[in-house]
Amino acid sequence: MLYDQALLRRLTEVTGGSGDEGGARQVLIEVAQSLADEISVDHLGSVTMRKNGEGLGRHPRVMLSAHLDEITLMVKKIDSGGFLRLAQVGGFDPRTLPGQEVTVFGREPLLGVIASKPPHLSTPEERKHSQPLDELYVDLGLAEDRVRALVRVGDRLTVRRNTIDLAGGRMSGKAMDNRASVTALVICLEELCRLRFGADVYAVASAQEEIGAIGAMTAAFRIKPDLAIAIDVCHGEMPGVEKDRVVPLGKGPVVTLGPRIHPSLYRRLLDTAKRHRLPYQLGLSQGATGTDADTLQVVAMGIPTALVSIPLRYMHTSVETIVFSDVQNAGLLLAHLIADLNSEFVEGLTCY
Amino acid sequence: MLLKALTEAFGPSGFEDEVRHLLREEVIPLADRVSTDALGSLIVEKNPDAEGSRVLFAAHMDEVGLMVVGIEDNGLLRFRPLGGVDPRILVAKPVRIGAERRYGVIGAKAIHLQQPEERTKPFEMQQLLIDIGANTREEAERLVEIGDPVVFATEYEEFGDRRAKAKSFDDRVGCAVLVELLKQPTTLPLTVAFTVQEETGLRGAGPVAYRTKPDLAMVVEGTVCFDVGEAKSHEQSTAQGAGPALSVVDGKTIANTKFREFIKSVADEEAIPWQYRRTVGGANDAGVIHLSEMGILTAAVSIPTRYIHAPAQVIHLDDYHNTIRLLSAVIERIEKGGHPIS
């Protein structure tokens, strides 16, 4: 496998906030050059990597959608003293922020620290208080005039984190949501280079999912696929969370069943996993999946949509943790689903 | 680079070996005698048999950290703090564990899975666990041991206006200052002590003072600095870039006025900026050194450290260099016959 942990590390360590996905987009386009027949970027910033199928006649059109954006922070105000007040683009838990190092993307990238009051000075009452986002601020170690020259309101910032290898193939870092799935897309494209398939594949790294699955909508409208599969992360098991809301890490990608998922496509994914002896787990949804799948299902005349997820612990923190084999197996599952497709199955998706 | 090597070294209270090893290598070429005591403090002497005031400088090697105290069935590690750590700054941070410096992360329940009322309460120490990638207790037991010490996984880097961030500036910045002082030629009987276990109750410095019996002692610390945001002036303690901070009173010590005035007069004559440490809480090794035997004339000089006891602590490099300049000038003054009580 050419695309391994190193790609995921690279994709997670660059920055790409919602509506500002440039950093991650650049790496992805570079990597996908040799794997796709055509790469395009649309008006919202989604990247479409097209891979053409073999054969004459109309090819089924398959869209894969993994969002490229990550949750980021934004400079809301420059306080006296040059300290930066913060807004969020995507859902942070402010309790995960005090004491973090950040990179502020001002006129140049700037290292900063999110301030935390030392225990020597905080009162017992203060220590029982969790600081909401509007009480937090960034220290750039610069005088106010320098800060004002280098940073503007609206500039983005991310938590600064090198991706860490833990034991058992686990990797931990920021933006595993959803660069793990973007890596699975690349693995799928790479596997398709080895397989024969008749569908035209549109692998989309979609923009602006974290603020409402926006990019997938316009990309799907442009592509008008016969079927679509969203790839995202789902909650991995951890203490303090009911077992039925989470899945274990390392036991394979999750295939979701629920009202927003096309039933035959769901079954097809399970059959594909079984036929190719790929591990998988079952995910259950009773409505919103909180992924691009929700959007894709209702684009234009409606699209048969499925969801493949990679289990992830500590979602929306800077230590999001996954097992790399789940990423690989998600990529392989998608590739085999595509290779095993035929027009008959695709046409049958609208026949109930 | 000394500050980088020292701050990245692994040494929570009681587990200072790596720091001691690094310092020993640094000081052997600079000293006449290097020894360790029963608790593990490193004692470095220059001109031990010379005439003149016997001066002791002390900085502590240990840093605040954590200790693994249990392994859950699911392979996650329970921990408790070594020294004063606010659990709120542990959330979503990487750490390094035990002899192999194994990486772990302190995770937090995803915001999506929290009840609204959970979101307004801080995480408590017992809700936080270290994830090393083990799935079961047995797997974890093969990778770490109960009792393994843990430190923040922070790298030293310079940024902003002559700032540096690292873990453990409290008190590796003091250790670095003392190594620099040892490089200066002197005729005084000078002792530099790198002490252990300051963060868990000022344990190491007392035995060092008893053993070395100095006439004068100076403690060099990374101290509280909160000159940020909307902090009220009385909460700031010190200001960054305003020079070394002289202690007046803290939780353990009323500093000797004459000794402080002596250091101030040296600073003023050398045009080195200085400031007072303006809070009364906290303590440092001076708290035990000044009470050794019949009492020892002691002063504390500190480098203001923002976000002390947190993963990314910040100093101003000018304060670091000015502390070296000031203490170096103090040594010269004493060498020339100056003394705080004269």
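1. A few points about the overall build of chain B
Inference 1: Along chain B, the regular secondary structure elements total nine helices and 17 strands.
Inference 2: Computed over C-alpha atoms, the radius of gyration of chain B comes to 21 Å, within 12% of the 20 Å expected from 2.2 N^0.38 for 342 residues, which places it in the range of a compact globule.
Inference 3: Viewed in the frame of its principal axes, chain B has a C-alpha envelope of about 70 × 45 × 35 Å.
Inference 4: A total of 342 residues make up chain B; the buried ones form 56% of that total.
Inference 5: Within chain B, counting contacts between residues at least 6 apart in sequence, those at least 24 apart form 76% of the total.

2. Some points on the overall build of chain A
Inference 1: The secondary structure content of chain A amounts to 10 helices and 17 strands.
Inference 2: Here the C-alpha atoms of chain A give a radius of gyration of 21 Å, agreeing with the 20 Å that 2.2 N^0.38 yields for 352 residues.
Inference 3: The dimensions of chain A, computed from C-alpha atoms along their principal axes, are 70 × 40 × 35 Å.
Inference 4: Each of the 352 residues in chain A was classed as buried or not, and the buried ones make up 58%.
Inference 5: In chain A, once contacts between residues fewer than 6 apart in sequence are set aside, the share between residues at least 24 apart is 76%.

3. Thoughts on the nonpolar core
What tends to happen in soluble globular proteins is that the nonpolar side chains get buried as a cluster.
Residues and elements named next belong to chain A.
Inference 1: Formed by 221 residues in total, the largest nonpolar core has its most connected members in Leu64, Ala184, Leu185 and Leu334.
Inference 2: For this core, the leading source of residues is helix α5 (residues 176–192), giving 10 residues.
Inference 3: Setting aside chain neighbours within four positions, we find Leu185 in contact with Leu64, Ala66, Ala203, Ala205 and Ile231.

4. Concerning the domain arrangement of chain B
All names here are of chain B.
Inference 1: Parsing chain B into structural domains produces domain 1 (2–63 + 167–335) and domain 2 (65–152).
Inference 2: The centre of domain 1, based on its C-alpha atoms, is set 32 Å off from the matching centre of domain 2.
Inference 3: With 11 residues of domain 1 at the interface, the matching set in domain 2 holds 12 residues.
Inference 4: Among the residues making up the side of domain 1 that touches domain 2, the classes are represented as five nonpolar, three polar and three charged.

5. Some details on helix α9 (residues 317–335) of chain B
All names here are of chain B.
Inference 1: In this model α9 runs 27 Å from its N-terminal to its C-terminal C-alpha over 19 residues, within 8% of the 27 Å that 1.5 Å per residue would give.
Inference 2: As for α9, its buried residues are in contact with β3 (55–60), α4 (169–182), β13 (216–225), α7 (257–270), β16 (297–306) and β17 (313–316).
Inference 3: Among the residues trailing α9, Gly337 stands out with phi positive, at a value near 100 degrees.

6. Considering the sheet that holds strand β5 (residues 84–89) of chain A
Residues and elements named next belong to chain A.
Inference 1: Around the barrel, six strands lie side by side as β4-β5-β8-β7-β6-β9; this closed barrel has antiparallel pairing. Along the sheet, successive strands turn relative to each other by an average axial angle of 45 degrees, direction set aside.
Inference 2: Where strand β4 (residues 72–78) and strand β9 (residues 156–159) come together, two bridges link them in antiparallel fashion. From the neighbouring strand, Leu73 faces β9, where its bridge partner is Leu157.

7. As for the interface of chain A and chain B
Inference 1: Contacts between the two partners involve 51 residues from chain A and, on the opposite side, 54 residues from chain B.
Inference 2: Grouping the constituent residues of the side of chain A that touches chain B by class yields 21 nonpolar, 18 polar and 12 charged.

8. Some remarks on the sheet that holds strand β17 (residues 320–323) of chain A
All names here are of chain A.
Inference 1: In space, the three strands of this open sheet follow the order β10-β11-β17, with antiparallel pairing throughout. Each having just a single partner strand, β10 (164–165) and β17 make up the two edges of the open sheet.
Inference 2: Taken together, the two bridges between β10 and strand β11 (residues 170–173) define a ladder with antiparallel strand orientation. Across the sheet, Asp165 pairs through a bridge with Met171, a residue of β11.

9. Some details on the environment of A:Ile303
All names here are of chain A.
Inference 1: Within the element layout of this structure, Ile303 appears in the loop between α8 (292–296) and β16 (305–312).
Inference 2: Residue classification places Ile303 among the buried positions, given that 23 C-beta atoms sit within 10 Å.
Inference 3: Placed 75 residues apart in sequence, Ile303 and Ala228 show a C-alpha to C-alpha distance of 6.7 Å.
Inference 4: Among all residues touching Ile303, those that are not within four sequence positions of it are Ala220, Pro225, Leu227, Ala228, Leu296 and Gln297.

10. Comments concerning the domain arrangement of chain A
For interface size, the figure often reported is the accessible area lost on association.
Residues and elements named next belong to chain A.
Inference 1: For chain A, the assigned domains read domain 1 (5–70 + 174–348) and domain 2 (72–159).
Inference 2: Listed by partner, the interface residues are 11 residues for domain 1 and 12 residues for domain 2.
Inference 3: Grouping the amino acids of the side of domain 1 that touches domain 2 by side-chain chemistry returns one nonpolar, six polar and four charged.

11. With respect to the packing of helix α1 (residues 5–13) of chain A against helix α2 (residues 22–32) of chain A
When two helices pack together, their arrangement is captured by the angle between the axes and the distance separating the axes.
All names here are of chain A.
Inference 1: One way to put it is that α1 packs onto α2 with a least axis distance of 8 Å and a crossing angle of 150 degrees. Classed by the angle they form, the pair α1 and α2 counts as roughly antiparallel. Considering only the axes of α1 and α2, their crossing is right-handed. Within the contact between the two elements, α1 uses Leu7, Arg10 and Leu11 and α2 uses Ala24, Val27, Leu28 and Val31.
Inference 2: Grouping the constituent residues of the contact of α1 with α2 by class yields six nonpolar, no polar and one charged.

12. What about the packing of α2(A) against α5(A)?
Residue and element names in this part refer to chain A.
Inference 1: Two numbers describe how α2 lies on α5: the axes approach to 11 Å, and their chain directions differ by 15 degrees. Relative to α5, the element α2 lies roughly parallel. Classified by chirality, the crossing of α5 by α2 is right-handed. For the pair α2 and α5, contact is made by Ala24, Leu28, Val31 and Ala32 and by Arg179, Val182, Val186 and Leu189, respectively.
Inference 2: Looking at the contact of α2 with α5 residue by residue, the classes come out as seven nonpolar, no polar and one charged.

13. Digging into the pairing of β11(A)
Residues and elements named next belong to chain A.
Inference 1: Neither face of β11 is open: one carries Arg170 and Ser172, the other Met171 and Gly173, and all of them are buried.
Inference 2: Relative to β17, β11 is paired through four bridges, and the arrangement is antiparallel. The partner of Met171 across the bridge, within β17, is Ile322.

14. What to know about unusual backbone geometry
Inference 1: Of note, the bond from A:Asp177 into A:Asn178 is cis; its omega dihedral lies within 30 degrees of zero at 20 degrees.
Inference 2: Mapped onto the fold, A:Asn178 is located in helix α5.
Inference 3: With a phi close to 65 degrees, A:Tyr314 is a non-glycine residue in the positive phi region.
Inference 4: Locating A:Tyr314 in the fold gives a position in the loop between β16 and β17.
Inference 5: You can call A:Tyr314 buried: it has 26 C-beta atoms within 10 Å.
Inference 6: One non-glycine residue, B:Leu202, lies in the positive phi region at around 50 degrees.
Inference 7: Structurally, B:Leu202 is set in the loop between β12 (190–195) and α5 (205–212).
Inference 8: Of the residues examined, B:Leu202 has 19 C-beta atoms within 10 Å and is grouped as partly exposed.

Cut-offs applied
Residues numbered from 1 in each chain as written. Chains lettered and ligands numbered in written order. Predicted model: local features only at pLDDT ≥ 70, side-chain atom pairs only at ≥ 80, totals over all residues. Helix = DSSP H or I, 4+ residues; strand = E, 2+ residues; numbered from the N terminus. Rg over C-alpha atoms; globule rule 2.2 N^0.38 Å. Buried ≥ 20, exposed ≤ 12 C-beta atoms within 10 Å, placed from the backbone. Contact = placed C-beta atoms within 7 Å. Core = buried A, V, L, I, M, F, W, Y, C linked by C-beta atoms within 7 Å. Domains from an automatic or database assignment. Nonpolar A, V, L, I, M, F, W, Y, C, P; charged D, E, K, R; others polar. Expected span 1.5 Å × (residues − 1). Pairing = 2+ DSSP bridges. Axes fitted to C-alpha atoms, helices over the stretch in contact; angles between N-to-C directions. Parallel < 35°, antiparallel > 145°, perpendicular 65-115°, else oblique. Left-handed = near helix turned anticlockwise from the far one by under 90°.

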